[in-house]
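# Notes for the structure review
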Amino acid sequence: MKQIAVVGAGTMGNGIAHVFAQNGFAVKLIDVNPGQLVKAKETITKNLDRQVAKGVLTEEQKQSTLKNITTTHDLLDGVTNAELVVEAATENIELKLEIFEEIDNAAPANCILATNTSSISITKIASVTKRPGMVIGMHFMNPVPVMKLVEIINGYATKQEVTDAIVELSKQLGKVPCVVNDYPGFIANRILMPMINEAICSLYEGVAGVEEIDTVMKLGMAHPMGPLQLADFIGLDVCLAILRVLQDGFGNPKYAPCPLLVNMVTAGKLGVKSGEGFYSYLAGSKELIVSKSFKK
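Residues numbered from 1 in each chain as written. Predicted model: local features only at pLDDT ≥ 70, side-chain atom pairs only at ≥ 80, totals over all residues. Heavy atoms only, no water.

Where an unreviewed UniProt entry is consulted, the chain appears under the name 3-hydroxybutyryl-CoA dehydrogenase, with the organism given as Lacibacter luteus. Reading the Sequence similarities (unreviewed entry) entry of the UniProt record for the chain gives the comment "Belongs to the 3-hydroxyacyl-CoA dehydrogenase family." (UniProt positions renumbered as here; feature names shortened; annotations may be inferred.)

Next comes the structure, spelled out in structure tokens:
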């Protein structure tokens, strides 16, 4: 397996393309927005420069990685010769179903179709294809070039040989694969999102402030990042979408998103991507500043 297509050139897509290309795979990076493709190549180049500066890569390896990536805004052309397609589009079920129908019609019959979804049912996605046994979840963690985990999710019909191939492929990328089954939120977000939601509820109810909540979890539980900062990093809109998948999937009120989270997303306070969430993010600064909305 050497020909890889990545659909979606956002944060996750460009990271996935980066990792495959760095490990010698030929990658077609696909996005309907040509400007997003330009931005993705710039991001990949910056991240490679950072690796070179740290001594992780040589300049020659950086150039080889970049040569392994070609871009296109034509989905059908991008997947024509693919042996594996990894979809990394926005976490929107209707969009993903539409993409998978198109990919299924254009990709070779022996091509594995993977999705980087963090919560949407693999079985549901596979149901719109004529090859449900060849559909699997391949959930990378952000930032992809740094994080070791790949959560591999079997749909109801996923063939064992497909799972085995993706496990082996993940190891070739220097990742640690963990195979789980297809239930709402899988494992990563079924456990993570209720924790983040409970942290937001604790803030909402006035139990503690932003910094106090994050400090308790960092120093008391050895988390590298507090849950509110992590929510900002993930994107509050993404957190809300995943919680709603959990709530709908299980029909259990314990997964209901905190009203504060709903209000923040409605107001456009999405975290790092919008410049403000629980913290404010100033251009060119890594300092964490509690958002004025939460200052006493």
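## Comments concerning the pattern of salt bridges
Across all of its chains, the model carries eight salt bridges by this definition. Measuring nitrogen to oxygen at the nearest pair gives 2.6 Å for the salt bridge that ties Lys-62 to Asp-49. Residue Lys-62 is found in helix 3 (residues 59-67), and its partner Asp-49 is found in helix 2 (residues 34-53); the two are separated by 13 residues along the sequence. The closest approach of N and O atoms between Glu-87 and Lys-96, which form a salt bridge, is 2.5 Å. Neither Glu-87 nor Lys-96 differs from the other in exposure class; each is buried. In the salt-bridge network here, residues are joined through shared partners; they are Asp-49, Glu-59 and Lys-62. (Salt bridge = Lys/Arg side-chain N within 4 Å of Asp/Glu carboxyl O. Helix = DSSP H or I, 4+ residues; strand = E, 2+ residues; numbered from the N terminus. Buried < 20%, exposed > 50% of the residue type's maximum accessible area, 1.4 Å probe, protein only.)

## Overview of the UniProt feature "domain: 3-hydroxyacyl-CoA dehydrogenase C-terminal" (unreviewed entry) in the chain
In the numbering used here, UniProt assigns the feature "domain: 3-hydroxyacyl-CoA dehydrogenase C-terminal" (unreviewed entry) to residues 185-281. Regarding residues 185-281, the helix share stands at 62% and the strand share at 2%, and the terminal C-alpha atoms are separated by 28 Å.

## Comments concerning the domain arrangement of the chain
Considered domain by domain, the chain is made up of domain 1 (3-181) and domain 2 (187-294). Inter-centroid distance (C-alpha atoms) of domain 1 to domain 2 is 27 Å. Between domain 1 and domain 2 lies a buried interface of about 600 Å² when both sides are counted; carbon and sulfur atoms form 63% of it. When residues of domain 1 are sorted by the area they lose upon contact with domain 2, Ser-118, Ser-119 and Glu-151 head the list and together hold 51% of the total. Linking domain 1 with domain 2 are zero salt bridges. Linking domain 1 with domain 2 are three residue pairs in polar contact (both at pLDDT 80 or more), by the criterion used here. Classifying every residue of the side of domain 1 that touches domain 2 by side-chain character gives three nonpolar, four polar and one charged. (Domains from an automatic or database assignment. Buried area = accessible area lost by both parts, 1.4 Å probe. Polar contact = N/O pair within 3.5 Å; in protein donor to acceptor, adjacent residues only side chain to side chain. Nonpolar A, V, L, I, M, F, W, Y, C, P; charged D, E, K, R; others polar.)

## A short note on the side chain of Thr-72
By secondary structure assignment, the location of Thr-72 is in strand 3 (residues 69-72). According to the relative accessible area criterion, Thr-72 is buried, its value standing at 12%. Not counting residues up to four positions away in its chain, the partners in contact with Thr-72 are Leu-29, Ile-30, Asp-31, Leu-37, Asp-77 and Gly-78. (Contact = heavy atoms within 4.5 Å.)

## A few points about helix 12 (residues 259-266)
One full turn of an α-helix is made of 3.6 residues, so residues set three or four places apart face in the same direction. When helix 12 is considered as a whole, its buried residues turn out to be Leu-260, Leu-261, Met-264 and Val-265. In a view along the axis of helix 12, the buried residues occupy a sector of 130°, so they form one face of it. Away from the buried face of helix 12 by more than 90 degrees, exposed residues Asn-263 and Thr-266 are located. Elements in contact with the buried residues of helix 12: helix 8 (188-204) and helix 11 (236-250). Backbone geometry just downstream of helix 12 places Gly-268 in the positive-phi region, at approximately 85°. (Arc of directions from axis to C-beta.)

## A few points about the UniProt feature "domain: 3-hydroxyacyl-CoA dehydrogenase NAD binding" (unreviewed entry) in the chain
As recorded in UniProt, the feature "domain: 3-hydroxyacyl-CoA dehydrogenase NAD binding" (unreviewed entry) lies at residues 3-182. End C-alpha atoms of residues 3-182 are separated by 27 Å, and the span's content is 43% helix alongside 22% strand.

## As for the sheet that holds strand 4 (residues 84-87)
A sheet is described by the order of its strands in space; here eight strands give the open sequence 3-2-1-4-5-6-7-8, paired in mixed fashion. On the outer flanks of this sheet lie strand 3 and strand 8 (176-181), each paired with one strand and no other. Recorded for the sheet is a direction-independent mean angle of 25° between the axes of neighbouring strands. Relative to strand 7 (residues 149-154), strand 6 (residues 135-140) runs antiparallel, the two sharing five bridges. When the sheet's bridge partners are listed, Phe-140 is paired in strand 7 with Val-150. Across the sheet, helix 7 (residues 160-172) is in contact with strand 4, strand 5 (112-115), strand 6, strand 7 and strand 8; its angle to strand 6 comes to roughly 25°. (Pairing = 2+ DSSP bridges. Axes fitted to C-alpha atoms, helices over the stretch in contact; angles between N-to-C directions.)

## Some details on the pairing of strand 1 (residues 3-7)
Burial analysis of strand 1 places four of its five residues in the buried class, which makes it a mostly covered element. Direction of pairing for strand 1 relative to strand 2 (residues 26-30): parallel, over a ladder of five bridges. Note that in strand 2 the partner of Val-6 across the bridge is Leu-29. In this view, the connection linking strand 1 to its parallel neighbour strand 2 by way of helix 1 (residues 11-22) has right-handed handedness. (Right-handed = clockwise from strand over helix to strand, strands pointing away.)

## Focus on the environment of Ala-126
On the secondary structure map, Ala-126 appears in helix 6 (residues 122-126). Overall, Ala-126 belongs to the buried group, its relative accessible area being 6%. Taking the C-alpha atoms as reference points, Ala-126 and Glu-101, separated by 25 residues in sequence, lie 9.2 Å from one another. Contacts of Ala-126, omitting those with residues within four sequence positions, involve Pro-132 and Val-135.

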